[in-house]
Amino acid sequence: MSPELIGPLMFGSLVAVLLAGFPVAFSLAAVAAAFGIAGVLTGQFTAPFLLAMPLRVQGVFNSDNFLAVPMFVLMGIILERTGIAEDTLMALGRLFRRKPGGLLVATLVVGSLLSAITGFVSASVIAMGLIALPTMLKAGYDPRLATGSIAAAGTLAQMLPPSLVLIVLAEQVEVPLVEIFHAALLPSAILVGLYLTFVIAVTRWRPSVAPPLAMATDDSASAWLQAFAAAAPPLVLILAVLGSVFFGVATPTEGGAIGVCVALLIGLTKRRLDHRRLTEALTNAGVLCSSVIFLLLGASFFTLVFRGFDGQVWIEQIFGHLPRGQLPFLLFVCIGIFLLGFFLDF
């Protein structure tokens, strides 16, 4: 087989393995191992070439950006165990339920807050769906609009800082993490605004798809006070973490540590953080961080073997056929990521 075809074949094999349903991290490592052995046997590269992998592993563990991952993960899981998602959603739901689509607005607002807190699609977002969806369906909401809004709120965790995706992206493209966080703020705000605009416009145009729930107490001062009390803890946490990072008071890793401390204080204040819940949070954080590490190691191994077959030349040739300029490049990358997102994890 021509050496020029091995790179595309390796990439195609990875896509086939992923479509078969195998985990992404182990798929990357397995495909890289198979093609690495084939490369040594066919003389495409020598066995010592693969010895560069330990250096890559060391580079992953020496990364300052990745030090922020365990802190942000632990912060989000602690808040998940303290039930902040449920409290905020129920309070905002009671506040907006007299408006057409009020529960949808509450779901998107709470989803945005949780996304900025957790940085990943956690069980708290799933719990939000479990709480909000039955209420909306019982109220006569259109199932497509209700489930679509919950799914959209869940995807915000990939974009709103401090997202784990942004941390990994900053390391891969070698851009300071603070700059990545700054760059993501405006697109995130636009996306949340578009979601809210769509929901409000649809429910105003067709109120029957999201009928209001008339409650005499919805507009009372008590309802507003409850909503503020429920939304205050996540807002304080967001300001504590992102404010300290953006204004240079703390590095992203230190900001994550600040977030963990504030999350512990919130849990203790609400008297919901006992020994069992803290142990579960630490265990789940360790499992999730381990999965991220395995994914990074698998990707690093795949990249090493892929470059051994001069796969980067094939990629450069693909981009060489694009029209010149930044806009065609960005459109091509966005469309590619959109299509890959149908069958690839974030």
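Residues numbered from 1 in each chain as written. Predicted model: local features only at pLDDT ≥ 70, side-chain atom pairs only at ≥ 80, totals over all residues. Heavy atoms only, no water.

**Overview of the overall build of the protein**
Helix and strand counts for the protein stand at 15 helices and 0 strands. Along the first, second and third principal axes, the C-alpha atoms of the protein reach 80 × 45 × 35 Å. For the protein, the proportion of its 346 residues judged to be buried stands at 41%. As displayed, the protein offers around 18,300 Å² of accessible surface, 72% of which is attributable to carbon and sulfur atoms. (Helix = DSSP H or I, 4+ residues; strand = E, 2+ residues; numbered from the N terminus. Buried < 20%, exposed > 50% of the residue type's maximum accessible area, 1.4 Å probe, protein only. Areas by Shrake-Rupley, 256 points an atom, 1.4 Å probe, with all protein chains shown as cover.)

**A closer look at the packing of helix H2 (residues 24-42) against helix H13 (residues 275-308)**
When two helices pack together, their arrangement is captured by the angle between the axes and the distance separating the axes. With their axes 8 Å apart at the nearest point, H2 and H13 run at an angle of 25° to one another. In terms of orientation, H2 lies roughly parallel with respect to H13. Both H2 and H13 take part in a crossing whose hand is left-handed. Contacts from Val-24, Ala-25, Phe-26, Leu-28, Ala-29, Val-31, Ala-32, Ala-33, Phe-35 and Gly-36 of H2 reach H13 at Phe-294, Leu-295, Gly-298, Ala-299, Phe-301, Phe-302 and Val-305. Class assignment for the residues of the contact of H2 with H13 results in 15 nonpolar, 2 polar and no charged. (Axes fitted to C-alpha atoms, helices over the stretch in contact; angles between N-to-C directions. Parallel < 35°, antiparallel > 145°, perpendicular 65-115°, else oblique. Left-handed = near helix turned anticlockwise from the far one by under 90°. Contact = heavy atoms within 4.5 Å. Nonpolar A, V, L, I, M, F, W, Y, C, P; charged D, E, K, R; others polar.)

**Some details on the side chain of Ser-149**
Tracing the sequence through the fold places Ser-149 in helix H8 (residues 143-155). Within the structure, the side chain of Ser-149 is placed 2.8 Å from the backbone oxygen of Leu-145, a separation counted as a polar contact. (Polar contact = N/O pair within 3.5 Å; in protein donor to acceptor, adjacent residues only side chain to side chain.)

**Points about the layout of surface pockets**
Taken as a whole, the second largest pocket encloses approximately 190 Å³ of empty space. Contributions of two or more residues to the lining of the second largest pocket are made by helix H3 (53-61), helix H4 (68-82) and H13. Looking at the lining of the second largest pocket, its residues break down into 10 nonpolar, 1 polar and no charged. (1 Å grid on protein atoms, 1.4 Å probe; cavity = no way out; pocket = protein on both sides within 12 Å on 5 of 7 lines; lining within 4 Å. Points joined across faces, edges and corners; volume = space filled by probe spheres on them.)

**A word on the packing of H4 against H13**
Contact geometry for H4 and H13: axes closest at 9 Å, N-to-C directions at 140°. Here H4 is positioned oblique relative to H13, judged by the angle of their axes. The way H4 lies across H13 gives a crossing that is right-handed. Two secondary-structure elements touch here, H4 through Val-69, Pro-70, Val-73, Leu-74, Ile-77, Ile-78 and Arg-81 and H13 through Arg-277, Glu-280, Ala-281, Leu-282, Asn-284, Ala-285, Leu-288 and Cys-289. Here the residues of the contact of H4 with H13 sort into 11 nonpolar, 1 polar and 3 charged.

**Brief notes about unusual backbone geometry**
Even without a glycine there, the phi angle at Arg-271 is positive, about 60°. Position of Arg-271 relative to the elements: it lies in the loop between helix H12 (252-269) and H13. The backbone of Asp-310 shows a phi angle near 60°, a positive value even though the residue is not glycine. Within the secondary structure, Asp-310 is located in the loop between H13 and helix H14 (311-320). Given a relative accessible area of 42%, Asp-310 falls into the partly exposed group.

**Some points on the nonpolar core**
Counting 39 residues, the largest nonpolar core has Val-69, Val-73, Met-75, Ile-78, Ile-167 and Phe-181 as its most contacted members. Those elements that provide at least two residues to this core are H4, helix H6 (102-118), helix H9 (164-173), helix H10 (177-205), helix H11 (221-246), H12 and H13. The dominant element in this core, judged by the number of residues it contributes, is H4, at 9 residues. One finds Val-105, Leu-114, Ala-132 and Ala-230 within the second-largest nonpolar core, a separate group that totals 25 residues. (Core = buried A, V, L, I, M, F, W, Y, C linked by side-chain atoms within 4.5 Å.)

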